[in-house]
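# A look at the structure
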Amino acid sequence: MIAPSAALLLTLALSAAAPAPEATDPLETFIADATGWLLEQGRLPSDYRLRLLAMEPADRVAALAHLRRMGLLTGAAWPVGDLLRPATPARKADE
């Protein structure tokens, strides 16, 4: 049997060694959402552009490439200025 102070030390050591929960990656979240859109509706939601503009440019380009590969984005290409624009806070589609 472990003494109470040893058990406490062991518990503290294990909790300190446990990895901190990571923040959700916006690109992974968007791709998961896009997969749901494809399976449920077969089309993009009306606010997809605002969601993409809220992402960092590198993630935005990757997400757009993913949407094209999935067949959800078939229209005209995005302007370079929109691809490279800094991330903006997400707003509602009616704003």
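Nothing here was measured: the structure is a model prediction, and the numbers come from that model.

### Some remarks on the nonpolar core
Ranked by internal contacts, the top residues of the largest apolar core, which has 16 residues, are Phe30, Leu44, Tyr48, Leu52, Leu67, Leu73 and Trp78. If you list the elements that add at least two residues to this core, you get helix 2 (26-40), helix 3 (48-53) and helix 4 (57-70). If near-sequence neighbours (up to four positions away) are discounted, Leu67 is found in contact with Phe30, Ala34, Leu44, Tyr48, Leu52, Leu72 and Leu73.

### Some details on the packing of helix 2 against helix 4
For any two helices packed against each other, one specifies the crossing angle of their axes together with the interaxial distance. Helix 4 packs onto helix 2 with a crossing angle of 20 degrees between their chain directions and a minimal axis gap of 10 Å. Between helix 2 and helix 4, the angle is such that the two are roughly parallel. Where helix 2 crosses over helix 4, the two elements pack in a sense that is right-handed. Along the contact surface, helix 2 presents Leu27, Phe30, Ile31, Ala34, Thr35 and Leu38, while helix 4 presents Asp59, Ala62, Ala63, His66, Leu67 and Met70. Each residue belonging to the contact of helix 2 with helix 4 can be placed in one class, and the counts come to nine nonpolar, two polar and one charged.

### A look at the pattern of salt bridges
The full count for this structure, using the stated rule, is four salt bridges. With its nearest N and O atoms 3.7 Å apart, the salt bridge here joins Asp33 to Arg51. Pair noted here: Asp33 is in helix 2 and Arg51 is in helix 3, with a separation of 18 residues, a long-range link. Judged by relative accessible area, Asp33 falls into the partly exposed class, the value being 31%. For the salt bridge of Asp82 with Arg85, the shortest nitrogen-to-oxygen distance reads 2.6 Å. Look at Asp82 and you get buried, because its relative accessible area is 10%. Here the salt bridges share partners, and the residues they tie into one network are Asp33, Asp47 and Arg51.

Calculation notes
Every chain begins its residue count from 1, and numbering advances along the sequence as written. Totals for whole chains, interfaces and linings use all residues, but because this is a predicted model, local features are given only for residues with pLDDT of at least 70 and pairs of side-chain atoms are given and counted only at 80 or more. Excluded from the side-chain calculation are hydrogens and water; included are all heavy atoms of the structure. Working definition of a nonpolar core: buried Ala, Val, Leu, Ile, Met, Phe, Trp, Tyr and Cys residues. They are joined through side-chain atoms within 4.5 Å. Each residue gets one of three labels from its accessible area relative to the maximum for its type: buried under 20%, exposed over 50%, partly exposed in between, using a 1.4 Å probe on protein chains only. Under the scheme used here, helices are H or I runs from DSSP no shorter than 4 residues and strands are E runs no shorter than 2 residues, and both carry numbers assigned from the N terminus. In this description, contact between two residues means that some pair of their heavy atoms is separated by no more than 4.5 Å. Axis angles are defined between N-to-C directions and span 0 to 180 degrees, where every axis is a line fitted to C-alpha atoms and, for a helix, only to the segment in contact. By definition in this entry, angles of less than 35 degrees are roughly parallel, angles greater than 145 are roughly antiparallel, angles of 65 to 115 are roughly perpendicular, and the rest are oblique. The hand of a helix crossing depends on one turn: near helix anticlockwise from the far one by less than a right angle means left-handed, and clockwise means right-handed. Polar here means any residue other than Ala, Val, Leu, Ile, Met, Phe, Trp, Tyr, Cys and Pro, which are nonpolar, and Asp, Glu, Lys and Arg, which are charged; Gly is therefore polar. The working definition used for a salt bridge is a side-chain nitrogen of Lys or Arg within 4 Å of a carboxyl oxygen of Asp or Glu.

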